[in-house]
Structure formats: structure tokens, C-alpha cells
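Here are the chains, one letter per residue:
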Amino acid sequence: MGHTSLAPEALSASDPTGDGPPPRVHASQKVITSAIVAGPALALALAIWWLWGGVINLTDVVLGLCLYVVTGFGITVGFHRLFTHRGFAPHRILKIVLAVVGSMAVEGSVTSWVATHRRHHMFSDHAGDPHSPHRYGSRGTDLLRGLAFSHVGWLFTSDASSAERYAPDLLRDRDLQRIGKLFPVLALASLAIPFGIGYAISGSWVGALMALVWAGLVRMALLHHVTWSVNSLCHTFGRRSDGTSDRSTNLWPLAILSLGDNWHNVHHAHPAWARHGAHRGMLDPSAWMIRRFEQCGWATRVRWPTPGADLSA
């Protein structure tokens, strides 16, 4: 995929994507987006206040951790490495499971997520990138403004990425289209499951509510901001091991939380590789999971780093 010739300083406001005028964002869509973004964040603030008072137990932490890992792999292994970049060929059941648990991360339907990310790669840090932190410039307040935009502000723009252009293969996949239509149900299930488990374990509505907050909303907020940090922080801070035409970086502190998607510079240099942490010492839990799928026969034609590639950095 190519880039435009514009240098990544202040990005042009023109639309080089060929999608035509962007559709208007209806008020209802803004309300839904605000709820998805602000709801978990407010729950996180409430949870911190509760934590100060000692209102947390090990069950909620373990449940939240389990759901974080499951939905996180749904994003990193499913939405990202499989559906966006075709890093491996899955068994149909694995494909469906990854699409379902990825949808339960509540970062949008699989088709919209893939279309946005493919467009990001096509125009990374150049005009047309839907969420570059270098949108307004690369210094001072311009960069701070860009970081805020790339982290969360872009979610409220009308600059939607065309699925017809960027994800036509997903539009032809009946399984993924059915799962896409179920996205609102899966989003609710992502909160209903911890609520139900919390009630089943504690036998009380208070226990159910605590599980909903910690293993539902707080878990969701953390995963959202880790994913958005790859958009913002991993194009601003960190090191560059591979040559690319953008400003993607490898930011090691996010290795565990992002399940390996933090090795963003390596990924931009080799988008189809199933392993992003391809250099020595780069921890990549998502690649480990794909390896397990391959060993079980659930994933084939895995695109591991090419033989002879320099992995000694």
C-alpha cells in the first residue's frame, strides 16, 4: 500500500482517499460514541474512588483480567492480524470466535474497524490518515493537539472510512456480516456477562454491580485506551527499529497491555507478519497465541517473519 507524497508535518485537510464528501455524523451516533468513550472512563474514575475505600475483591480482578485478555486477543489477533492484514488463514469456527470476542471489546464492528485500520496503513502520518498525531504539526501545542485527536478526538469526526473501498472482502463474508449486525447485542453481552457472573458468585446485586464496574466497564476502558495509545503514543514516542515512511515507533512499556501490538514500527514495516515483536527481546503475546492456534491446526498459512530477515536488532 502506498503513501501520499505529503511530508508528515501539518497534514492537509483535503481528502485524498477518493471516498468523496464524508457523511454527516447524526446526533444519535454522537451520543452512542460519547457513551462508549465516556461511560467506561467515568466508571474508571468511580472505581478508583471505590478502591480508595477498599471496595474491590480478588474475584472481580480475576474476572476482569480474563475478559481483558479474551477481548484483547479478539482485537489484536482477530480484528488486527487476521481480518485487517490476513496474517493467517483460520478455521471457520476460530474466525467466528475471534470476530465475536473482538466485537465484545466494543471498539466498533469488525468491518468498520478493519476499514479504518487499512486506511491508516495506506496514508500513515500523511494526508488521509484518520488518526495521525501529526495532523496539526509535530512540535509543541500542535503535537499535543494532534495527540488528543489521534487518541480519541477522531472518533467524533465525520471522516468515516469506506468499507466498500477498504474492506470489500469483509463485506463478502457472510459470517462477518452477520456478526457485524449483532454488534449492539455483543456490546451489551460484554457487560451482561460480568454482571451475571458477579451475581452467580456473590448471590447479591451489590456483587453483580461490582463485577459490572470492575470486570465490565473498567476492563473496557483500559482496553480502549491501550488500543488508542497505539494510534497516538506509538506514532510519537519510542524507538524505530525498521525503516518506514511514517513516524511509527516501538513503545516497549505497552508490550503486555497491548498484547504485542506496541511493536508498531516493526508492524508498519511488515504489515502482514503475524508476529509484530520480530526483533530480539520483543515480547509478543498475540504471536504466541497464533502459534498455539497453528499447532492445534486451527490456523494455517501463518505469515511468520520471512527467512533471512534481520532479527538481531
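Residues numbered from 1 in each chain as written. Predicted model: local features only at pLDDT ≥ 70, side-chain atom pairs only at ≥ 80, totals over all residues. Heavy atoms only, no water.

Enquirer: Could you give me a rundown of the environment of I56, with the residues and numbers involved?
Expert: Secondary-structure assignment places I56 in the loop between helix 1 (27-52) and helix 2 (58-84). Residue classification places I56 among the partly exposed positions, given a relative accessible area of 30%. The sequence separation of I56 and G207 amounts to 151 residues, and the corresponding C-alpha distance is 9.8 Å. (Helix = DSSP H or I, 4+ residues; strand = E, 2+ residues; numbered from the N terminus. Buried < 20%, exposed > 50% of the residue type's maximum accessible area, 1.4 Å probe, protein only.)

Enquirer: An account of a nonpolar patch on the surface is needed here, citing residue identities and associated values.
Expert: A contiguous nonpolar patch, built from I56, L58, V61 and V62 and spanning about 330 Å² of accessible area, is present on the exposed surface. Along the chain, V61 turns up in helix 2. Residue V61 is classed as partly exposed on the basis of its relative accessible area of 42%. (Patch = residues over 30% accessible without salt bridge, like charges linked within 9 Å, V, L, I, M, F, W, Y side chains within 5 Å. Areas by Shrake-Rupley, 256 points an atom, 1.4 Å probe, with all protein chains shown as cover. Salt bridge = Lys/Arg side-chain N within 4 Å of Asp/Glu carboxyl O.)

Enquirer: Any details on the pattern of salt bridges? Residues and values, ideally.
Expert: Here the structure, examined in full by the defined rule, presents 10 salt bridges. R81 is the salt-bridge partner of D261, the closest N and O atoms lying 2.9 Å from each other. Of this pair, D261 sits in the loop between helix 10 (205-232) and helix 11 (264-269) while R81 sits in helix 2, and the two are 180 residues apart along the sequence. The same class applies to D261 as to R81, namely buried. D246 is the salt-bridge partner of R240, the closest N and O atoms lying 4.0 Å from each other. On the basis of relative accessible area, R240 is assigned to the partly exposed category, the value being 39%. Linked by salt bridges that have partners in common, R92, K95, D173, D175 and R178 make up one network.

Enquirer: Which residues make up the packing of helix 9 (residues 183-202) against helix 10, and what are the values?
Expert: Viewed as axis vectors pointing N to C, helix 9 and helix 10 meet at an angle of 145°, and their least axial separation amounts to 7 Å. Here helix 9 and helix 10 pass one another in a crossing that is right-handed. For the pair formed by helix 9 and helix 10, the contact residues are S190, L191, P194, F195, G198, Y199 and S202 on the first element and W205, G207, A208, L209, A211, L212, A215, G216, L217, R219 and M220 on the second. Here the residues of the contact of helix 9 with helix 10 are counted per class, giving 12 nonpolar, five polar and one charged. (Axes fitted to C-alpha atoms, helices over the stretch in contact; angles between N-to-C directions. Left-handed = near helix turned anticlockwise from the far one by under 90°. Contact = heavy atoms within 4.5 Å. Nonpolar A, V, L, I, M, F, W, Y, C, P; charged D, E, K, R; others polar.)

Enquirer: I'd like to hear about the nonpolar core, residue by residue, with values.
Expert: With 36 residues, the main nonpolar core has V77, F83 and F88 as its most contacted residues. For this core, the secondary structure elements donating two or more residues are helix 2, helix 3 (92-103), helix 4 (110-122), helix 8 (174-181), helix 10 and helix 12 (285-295). Of the residues forming this core, the biggest block, seven residues, is contributed by helix 2. Residues contacting F88, with those up to four places away along its chain left out, are V77, R81, L82, L94, L98, I290, A299, T300, R301 and V302. (Core = buried A, V, L, I, M, F, W, Y, C linked by side-chain atoms within 4.5 Å.)

Enquirer: Account for the packing of helix 2 against helix 4, with residues named and values stated.
Expert: How two helices pack is summed up by the angle between their axes together with the distance between the axes. Across the interface, helix 2 lies against helix 4 with an axial gap of 10 Å and an inter-helix angle of 65°. Considering only the axes of helix 2 and helix 4, their crossing is right-handed. Touching I75, F79, H80, F83 and T84 of helix 2 are V110, W113, V114, H117, R118 and H121, all from helix 4. For the contact of helix 2 with helix 4, the per-class residue count stands at six nonpolar, four polar and one charged.

Enquirer: If you had to explain the packing of aromatic side chains to someone new, which residues and values would you point to?
Expert: Two aromatic rings are characterised by how far apart their centres lie and by the angle between their planes. As enumerated under the stated definition, the model contains six aromatic pairs in all. Each ring, one from F79 and one from W113, has its centre 5.9 Å from the other, and the planes form 70°; the classification is edge-to-face. In this pair, F79 sits in helix 2 while W113 sits in helix 4, placing the two residues 34 residues apart along the sequence. The pair formed by F79 and W113 is uniform in burial state, with each residue classed as buried. Three or more aromatic residues joined by ring pairs make a cluster, and in this case those are F79, F83 and W113. One cation-aromatic arrangement involves R135 over F149; the distance from NZ or CZ to the ring centre is 4.2 Å. Looking at R291, its charged tip hangs above the ring of W304, at a distance of 4.0 Å from the centre. (Phe/Tyr/Trp six-rings, centres within 6.5 Å; stacked < 30°, edge-to-face > 60°. Lys NZ or Arg CZ within 6 Å of the ring centre and 35° of its normal.)

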